[in-house]
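For reference, the chains in residue letters:
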Amino acid sequence: MEKVTDKIAALPSDAHYFSLEFFPPKTAMGFANLQNRLERMSRALRPLFVTVTWGAGGSTATKSLELAEICQRQLGLTTCLHLTCTNMSRSLVDDALEQAKALGIRNILALRGDAPRSEEYRNEEKPEEEDSNNDFTWAIDLVRYIRKQYGDYFCIGVAAYPEGHSDQSHPQDQDPLFDLPYLVEKTKAGADFIMTQLFFDVEAFDKFEKLLREHESGVFKTIPIIPGLMPIQSYQILRRVTKLSHAKLPDKLLTRLDAVKGDDELVKQVGVEILSEVIDHVKTTPSPVRRGFHFYTLNLEKAVAHILERCHLIPPIQPDEDEAVAVDFSKDFVPPEGALKSKHRRRVSSVNSGPRNRVVVETHTKSSNTSFEAREDEAGVPRDPINTRANTLAISEGEGSLGREATWDDFPNGRWGDARSPAFGEIDGYGPSLHLPTPQALKLWGHPVTVEEVSNIFRRHISGDLDALPWSEEGLNPETNTIRNELLRLNGKGWWSVASQPAVNGLKSTDPIFGWGPRNGFVFQKPFVELFIPSADWFKLQARLDQTDQMTYFAGNKAGHFSASNEESVNPVTWGTFAGKEIITPTIVESVSFRAWLEEAFSIWAEWQRIYPTRSATSKLLGGIMNDYWLVNIIHHGYLEKGALWDFLNED
């Protein structure tokens, strides 16, 4: 019974359920760590199902299917695969559905993706009939196609927008009533459940659900309508996500968050309270079907674990289920109240099991491989103490040293976080995008036909005259404003900055510009800058950089060439010290993270180029820039020398 709707129907009539969304991490280390996190969360939290995102235009197809396989086959989680249908190869839709079926996946969330842009995305090497936009313009086309090809094999979900769909090319139409006819048709075409966009305005959701349940068509009377909720991970991420999704933040909620926005831990705490209040409200609202909630986890676990426990959404263990798992206890781990003591815990058959048998030997030698050998006195004995589900939940919530280790990446910082984190990269896992509709992008950036005109776009953004760049959908933050003049000088040389930070030496964590983390701490920063530089300029600058031991660089181009002062170096460039805590390093620059971003950065150049006709002067200009320029990240380790980085770079 792997269909989402069957599992919902099998629940007791008064039960509540929840699901969790994950996206494929950008790095191999992030993927491995997400697998560990998923295993822990599946045991501790027990979601009814999980969903795996699909990048725009199929950009994450391989990784999405790999993650879906881990969830469905390896972890035994009922899995729902997101699937978009526009701006990609027609065969990719069929391949994804066939592979999902082969993996035993019975659930698809059918989405449109970006608006069809055939002229921009067409691959000249493939026949025109391979363009998915020939058959798919809206999500309803995908729903109909799945039903036609697979009958009732798949349980199909569709998206809905409590505050109206934000098609920014027609912002005046962001109204649930405008979307309603399309949702009616999607449901009639074969949708089995509805999952909503994230929201924080619970009154808007109430009105939306009432609108659907009472609709004259009757198609929404008993269909599951699952509200989408995003745990608040940080004030900055919240503001960015609500801006991109056009989700309203009610004034009362914003006032509560504004009061603590300088303390990341308090923001999370208030965020847990806010989401819990939304859930408790929805739970008490009458519904013709069992109530469920979908969480956009951003691949993080701590906040969602707290919310689920606080709202009593974690289902109880059934008598025939194992409740114990093996973990590595440390001396200062304190089991939560109610957890069984070691001597009362029962061993389960999965303990000490691995992917291979081990040979029993008398003793280990220096050349022994403990993955394949076990001493006589270890054979048949659990390698780790047994942990109850209550303890596992405490770990997910960050309790004790094991909890701190499990939630070590709890201060997400987008692509500037640790590349080992499952949350590393874009906040939604949606893939490279301008985050703007074509008309708005053209209005912002015009039709540059010279390098100097492109330079002017970057300078206007730094000066505050432009709200966004292709690599940043927001204006400069207050911190970057402190080095505005230095960046203008660099951009005046034709070195275009896309990321930077100034030096900071021990400012209080409550500082209104540079502060972050808990209130009782101090923060530090090494200065760095990331630039697009013409190849000729880069080779000259590289020779100078190689002469100094106070600077580290990583550089690469679209062709795949890569260079670094020390490819193995790991460079924390932001860190904080806080009372009673380990040093926290939320911003790290290293080869793995830079390479992951390098590919995406040049993909965004391609996204920008696509909004212009193929043979236009602007398209040719941007194509030439992509082929010539290098992306370079430069770090100065002398953070006590406030202007050292900028003085070095601005030397003639």
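Just so you know, these numbers come straight off a predicted model, no measurement behind them.

Draft legend 1. Local environment of the overall build of the protein. Regarding its fold elements, the protein presents 22 helices and 21 strands. Within the protein, the fraction of its 652 residues that count as buried is 54%. For the protein, restricting intrachain contacts to residue pairs at least 6 apart in sequence, the fraction spanning at least 24 positions comes to 74%. Accessible surface, the protein: about 29200 Å² in total, of which carbon and sulfur atoms supply 49%.

Draft legend 2. Quick look at the nonpolar core. One finds Leu 20, Leu 45, Leu 97, Ile 194, Phe 200 and Phe 295 to be the most contacted residues of the largest nonpolar core, which totals 91 residues. Top contributing element to this core by residue count: helix 11 (residues 264-284), with 8 residues. Excluding its chain neighbours within four sequence positions, the residues that come into contact with Leu 20 are Met 41, Leu 45, Pro 47, Phe 49, Val 50, Thr 51, His 294, Phe 295, Thr 297 and Val 304. Core analysis: the second largest hydrophobic core is formed by 38 residues, Phe 458, Phe 602, Leu 622 and Ile 635 among them.

Draft legend 3. Region of the structure containing the sheet that holds strand 14 (residues 504-508). The 4 strands lie next to each other as 14-15-19-20, forming an open sheet whose pairing is antiparallel. Both outer strands of the open sheet, strand 14 and strand 20 (584-590), are each paired with one neighbouring strand and no more. Direction aside, neighbouring strands of the sheet carry axes that sit 15° apart on average. Both strand 15 (residues 521-525) and strand 19 (residues 570-578) contribute to a ladder of 5 bridges, which runs antiparallel. Opposite Val 523, over in strand 19, you have Gly 576 as the bridge partner.

Draft legend 4. Spatial organisation of the state of the cysteines. For the structure on display, the rule yields 0 disulfides. Cys 80 provides the cysteine sulfur closest to Cys 155, a residue in no disulfide bond, and the two sulfurs are 7.4 Å apart.

Draft legend 5. Representation of the packing of aromatic side chains within the structure. With the rule as written, the count across this model stands at 27 aromatic pairs. Clustering of aromatic rings is evident, with ring pairs tying together Trp 445, Phe 458, Trp 471, Trp 496, Phe 532, Phe 602, Trp 605, Trp 608 and Tyr 629. Sitting over the ring of Phe 562, Arg 595 keeps its end group 3.7 Å from the ring centre.

Draft legend 6. Summary view of the sheet that holds strand 7 (residues 225-229). Here 8 strands make up a closed barrel; going around it, the order is 1-2-3-4-5-6-7-8 and the pairing parallel. When strand polarity is set aside, the average angle formed by the axes of neighbouring strands in this sheet is 25°. With 2 bridges connecting them, strand 7 and strand 8 (residues 291-296) associate as parallel partners. Directly across from Leu 229, in strand 8, lies its bridge partner Phe 295.

Draft legend 7. View of the pairing of strand 6 (residues 193-198). Buried residues dominate strand 6, accounting for 5 of its 6 residues. In this sheet, strand 6 lies alongside strand 5 (residues 155-160) in parallel orientation, the contact comprising 4 bridges. The residue bridging Gly 157 from the neighbouring strand is Phe 193, located in strand 6. Pairing of strand 6 with strand 7, which is carried by 3 bridges, proceeds in the parallel orientation. In the sheet register, Leu 198 faces strand 7, and the bridge partner there is Gly 228. Crossover connection from strand 6 via helix 8 (residues 202-213) to parallel strand 7: handedness right-handed.

Draft legend 8. Up close: the pattern of salt bridges. A full pass over the atoms with the stated rule returns 14 salt bridges. Between Glu 273 and Arg 256 there is a salt bridge, with the nearest N and O atoms lying 3.5 Å from each other. You can see Glu 273 sitting in helix 11 and its partner Arg 256 sitting in helix 10 (residues 251-258), a full 17 residues away along the chain. You can call Glu 273 partly exposed: its relative accessible area is 30%. Salt bridges sharing common partners tie together Arg 37, Arg 40 and Glu 301.

Draft legend 9. Spotlight on the pairing of strand 19. Two strands pair when backbone bridges link them, and strand 19 and strand 20 are joined in this way by 5 bridges, in the antiparallel orientation. In the sheet register, Asn 571 faces strand 20, and the bridge partner there is Val 589. Where strand 19 hands over to strand 20, the hairpin turn is made up of 5 residues, of which Gly 580 adopts a positive phi near 75°.

Draft legend 10. Structural detail: the environment of Gly 521. Relative to the elements of secondary structure, Gly 521 occurs in strand 15. Dropping the residues within four chain positions of it, Gly 521 is found in contact with Leu 507, Lys 508, Ser 509, Thr 577 and Phe 578.

Draft legend 11. Representation of the side chain of Thr 196 within the structure. Mapped onto the fold, Thr 196 is located in strand 6. In terms of polar contacts, Thr 196 uses its side chain to reach the backbone amide nitrogen of Gly 228, at 2.8 Å.

Draft legend 12. Quick peek at the environment of Ala 100. As for its placement among the helices and strands, Ala 100 is situated in helix 4 (residues 90-102). Take Ala 100: its relative accessible area is 0%, and that puts it in the buried class. Along the backbone, Ala 100 and Cys 80 are 20 residues apart, and their C-alpha atoms lie at a distance of 9.3 Å. In this view, Ala 100 contacts Leu 81, Ile 105, Ile 108 and Phe 154; residues no more than four positions away in its chain are not counted.

Draft legend 13. Layout of helix 8. For helix 8, spanning 12 residues, the distance from its first C-alpha to its last is 16 Å, which sits close to the expected 16 Å at 1.5 Å a residue. Residues of helix 8 that are buried: Val 202, Ala 204, Phe 205, Phe 208, Glu 209, Leu 212 and Arg 213. Taken end-on, helix 8 shows its buried residues confined to a sector of 160°, consistent with a single buried face. Exposed side chains of helix 8 directed beyond 90 degrees from the buried face belong to Glu 203 and Lys 207. Buried positions along helix 8 lie against strand 5, helix 7 (176-188), strand 6, strand 7, helix 11 and strand 8.

Draft legend 14. Summary view of the packing of helix 4 against helix 6 (residues 139-150). Viewed as axis vectors pointing N to C, helix 4 and helix 6 meet at an angle of 55°, and their least axial separation amounts to 12 Å. It follows from the interaxial angle that helix 4 and helix 6 lie oblique. As helix 4 runs across helix 6, the sense of the crossing is right-handed. Each of Arg 90, Val 93, Asp 94, Leu 97, Glu 98 and Lys 101 in helix 4 lies in contact with helix 6, whose residues at this interface are Leu 142, Tyr 145, Ile 146 and Tyr 150.

Draft legend 15. Layout of the confidence of the model for the protein. Looking at the protein as a whole, the pLDDT averages 83, with 80% of positions reaching at least 70. Looking across the protein, the model is least confident in strand 9 (residues 324-326), with a mean pLDDT of 40, and most confident in strand 7, with 98. Long-range and interchain partners of residues 323-361, a stretch whose pLDDT sits below 50, account for 90 contacts in this model, where long-range means more than four residues apart. Per-residue pLDDT stays below 50 along residues 366-374; that stretch engages in 19 contacts with residues further than four places along the chain or on separate chains.

Quick notes on the rules
Residues numbered from 1 in each chain as written. Predicted model: local features only at pLDDT ≥ 70, side-chain atom pairs only at ≥ 80, totals over all residues. Heavy atoms only, no water. Helix = DSSP H or I, 4+ residues; strand = E, 2+ residues; numbered from the N terminus. Buried < 20%, exposed > 50% of the residue type's maximum accessible area, 1.4 Å probe, protein only. Contact = heavy atoms within 4.5 Å. Areas by Shrake-Rupley, 256 points an atom, 1.4 Å probe, with all protein chains shown as cover. Core = buried A, V, L, I, M, F, W, Y, C linked by side-chain atoms within 4.5 Å. Pairing = 2+ DSSP bridges. Axes fitted to C-alpha atoms, helices over the stretch in contact; angles between N-to-C directions. Disulfide = S-S within 2.5 Å. Phe/Tyr/Trp six-rings, centres within 6.5 Å; stacked < 30°, edge-to-face > 60°. Lys NZ or Arg CZ within 6 Å of the ring centre and 35° of its normal. Right-handed = clockwise from strand over helix to strand, strands pointing away. Salt bridge = Lys/Arg side-chain N within 4 Å of Asp/Glu carboxyl O. Polar contact = N/O pair within 3.5 Å; in protein donor to acceptor, adjacent residues only side chain to side chain. Expected span 1.5 Å × (residues − 1). Arc of directions from axis to C-beta. Parallel < 35°, antiparallel > 145°, perpendicular 65-115°, else oblique. Left-handed = near helix turned anticlockwise from the far one by under 90°. pLDDT = per-residue confidence, 0-100.

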